[in-house]
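Structure at a glance
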Amino acid sequence: MTMVLQGESQRAAARPLFGAWEETLIESCLDGSMGEVLAGCVAPVRAAVARLGDFAFLAGDAQDPAAEALARGLLAGAAHPYLLAVPQDERWAALVRRVHPGRWRRVARYATKKDPQAFDRARLAALAESLPADTALRRMGPEAFARTRAQEWSRDMTAMYPTYEAYAAQSLGVVAVRGEEIVAGASGYSRYRGGIEIQIDTRADCRRQGLAAACAARLILDCLSRGLYPSWDAANLPSLRLAEKLGYRFSHAYESELIWAPGQEIPEP
């Protein structure tokens, strides 16, 4: 049996399990901004999961009696029939693989250092202005919000927010527009008290034109002007290279387990 930890005091009981794990999605769950923290009981909490969108972070003692139920229930109530499970250690990774037999694939991701002083604002401003002549940047307003949700390639930019009002209260973003069509964007996938986690998307036929860099540069500048940290966690090496171009510095690679529900097609890498 698992339960959602309610209120600041219950979530605080789980915080020590996550230690110095520098992931803003975890912080979103722990500070109550977004997501949820799951455990076997309120106290003592020896194993817990911080789950937000398509991500779940497993922490604490993987041999605790509650750990197996937590691992088995990762997809229960999840936004999609697949999820990226990020284990704190190899014991958690082995548990996830054991309780989801034949429905997991190991995936590498790349963390960047959380350093607000790393950015060259003049360079970011130049990148934000380096767009093709037929393309313009716009802030994420109600119309752009609706359009990103209507297209599969751009949906993740705003998927975590049920309405534009909820998005505007917690997040911010930028889209690249060509004619009347959105062709790229950078937006807050999630929010925590100190900033946002950035989501970047470009329409397939418009890649390698500098659009993602321009959108991301403008969003980073907007975040810095508001005192928010624009966190970047790279899903692949091209994403890491783009992050480094914008001023981020590589921290470390880490392994996660992509899992999916029975009967589902294997998600693309």
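On a predicted model such as this, the values are computed, not experimentally measured, just so you know.

Definitions and cut-offs
Counting of residues starts from 1 at the beginning of each chain's written sequence and follows it residue by residue. The model is predicted, so local features are restricted to residues of pLDDT at least 70 and side-chain atom pairs to those at 80 or more, both for listing and for counting; the totals for chains, interfaces and linings are taken over all residues. For the side-chain quantities, the full set of heavy atoms in the structure was used; hydrogens and water were omitted. Strands are labelled as partners when DSSP assigns at least two bridges between them. The secondary structure listing takes helices from DSSP runs of H or I that are at least 4 residues long and strands from runs of E that are at least 2 residues long, numbered from the N terminus. Contacts were defined at the residue level, with two residues in contact if any of their heavy atoms lie within 4.5 Å. Axis definition: a line fit to C-alpha positions, over the contact stretch in the case of helices; interaxial angles, taken between N-to-C directions, run 0 to 180 degrees. For the exposure calls, accessible area comes from a 1.4 Å probe over protein chains only, and a residue counts as buried if that area is under 20% of its type's maximum, exposed if over 50%, partly exposed in between. Note: the arc covers the axis-to-C-beta directions of the helix. N or O atoms closer than or at 3.5 Å make up a polar contact, with two conditions inside protein: a donor-capable atom paired with an acceptor-capable one, and, for residues adjacent in sequence, both atoms drawn from side chains. For cavity detection a 1 Å grid was placed over the protein atoms alone, and a set of points counts as a cavity when a 1.4 Å probe fits there but cannot get out; an open set counts as a pocket when protein lies on both sides within 12 Å along at least five of seven lines, with lining residues being those that have an atom within 4 Å of a point. Grid points are joined across faces, edges and corners, and a volume is the space filled by probe spheres set on the points. Residues are grouped as follows: nonpolar covers Ala, Val, Leu, Ile, Met, Phe, Trp, Tyr, Cys and Pro; charged covers Asp, Glu, Lys and Arg; every other residue, Gly included, is treated as polar. Under this scheme an angle from 65 to 115 degrees is roughly perpendicular, one under 35 degrees roughly parallel, and one over 145 degrees roughly antiparallel; angles in between are oblique. What makes a crossing left-handed is the near helix being turned counterclockwise from the far one by less than a right angle; a clockwise turn instead makes it right-handed. A pair of aromatic rings is counted whenever rings of Phe, Tyr or Trp (Trp by its six-membered ring) have centres within 6.5 Å, and the orientation is called stacked for planes under 30 degrees apart, edge-to-face for over 60 and tilted otherwise. We count a charge as sitting over a ring when the NZ of a lysine or the CZ of an arginine lies within 6 Å of the ring centre and within 35 degrees of the ring normal.

1. Brief notes about the sheet that holds strand β3 (residues 47-52)
Here 8 strands make up an open sheet; going across it, the order is β1-β2-β3-β4-β5-β13-β6-β12 and the pairing mixed. Two strands lie at the open edges of the sheet, namely β1 (3-4) and β12 (233-234), each paired on one side alone. Where strand β6 (residues 104-112) lies against strand β13 (residues 250-260), 9 bridges are found, and the strand directions are antiparallel. Across the sheet, the residue bridging to R105 is L258, located in β13. Its contacts with the sheet put helix α1 (residues 7-18) on β1, β2 (36-39), β3 and β4 (55-60), and the angle it makes with β3 is roughly 100°. Sitting on the sheet, helix α3 (residues 65-72) touches β2 and β3, and the angle it makes with β3 is about 20°.

2. Describing helix α5 (residues 121-129)
Helical periodicity: at 3.6 residues per turn, an α-helix aligns residues three or four positions apart in one direction. If you check which residues of α5 are buried, you get L124, L127 and A128. The arc that holds every buried residue of α5, seen down its axis, measures 100°, which confines them to one face. With respect to the buried face of α5, the exposed residues turned more than 90 degrees away are A122 and E129. On the buried face of α5, the contacting elements are β7 (135-139), α8 (211-225) and α9 (237-246). Between a side-chain oxygen at the N-terminus of α5 and the backbone nitrogen of A122 the separation is 3.1 Å; the capping residue is D120.

3. Observations concerning the layout of surface pockets
One number sums up the size of the largest pocket: a volume of about 2000 Å³. In this structure, the largest pocket is lined by 48 residues; those nearest its centre are Q199, I200, D201, A235 and N236. Looking at which element gives the most residues to the lining of the largest pocket, the answer is strand β10 (residues 195-202), with 6 residues. Each residue belonging to the lining of the largest pocket can be placed in one class, and the counts come to 26 nonpolar, 8 polar and 14 charged. The space that makes up the second largest pocket amounts to roughly 160 Å³. Residue lining of the second largest pocket: 13 residues in total, with W21, E22, E23, T24 and E27 positioned closest to the centre. For the lining of the second largest pocket, the secondary-structure elements that each account for two or more residues are α1 and α2 (24-30).

4. Things to note about the packing of α3 against helix α4 (residues 90-99)
Direction vectors running N to C along α3 and α4 enclose 55°, while the axes themselves pass 9 Å from each other. Taken together, the axis directions place α3 and α4 in an arrangement best described as oblique. Judged by the twist between their axes, the crossing of α3 over α4 is right-handed. On the side of α3, the interface is formed by A67, E68, L70, A71 and R72, while α4 contributes W92, L95, R98 and V99. Considered class by class, the residues forming the contact of α3 with α4 number 6 nonpolar, no polar and 3 charged.

5. So, the packing of aromatic side chains
With the rule as written, the count across this model stands at 10 aromatic pairs. Where W21 meets F57, the ring centres are 5.6 Å apart and the plane angle is 85°; that geometry is what we call edge-to-face. With a gap of 36 residues between them, W21 in the loop between α1 and α2 and F57 in strand β4 connect regions that are remote in the sequence. Taking relative accessible area as the criterion, W21 reaches 23% and is therefore assigned partly exposed. On the numbers, 5.8 Å between centres and 70° between planes, the contact of F145 with Y164 is edge-to-face. Here the residue F145 occupies a position in helix α6 (residues 142-150), and Y164 occupies one in helix α7 (residues 164-170), the gap between them amounting to 19 residues. Residue class for Y164 comes out partly exposed when judged on its relative accessible area of 23%. The rings of F119, Y229, W232 and Y248 are connected pair by pair, giving a single aromatic cluster. The cationic tip of R97 hangs over the ring face of W104; the distance from NZ or CZ to the ring centre is 5.3 Å.

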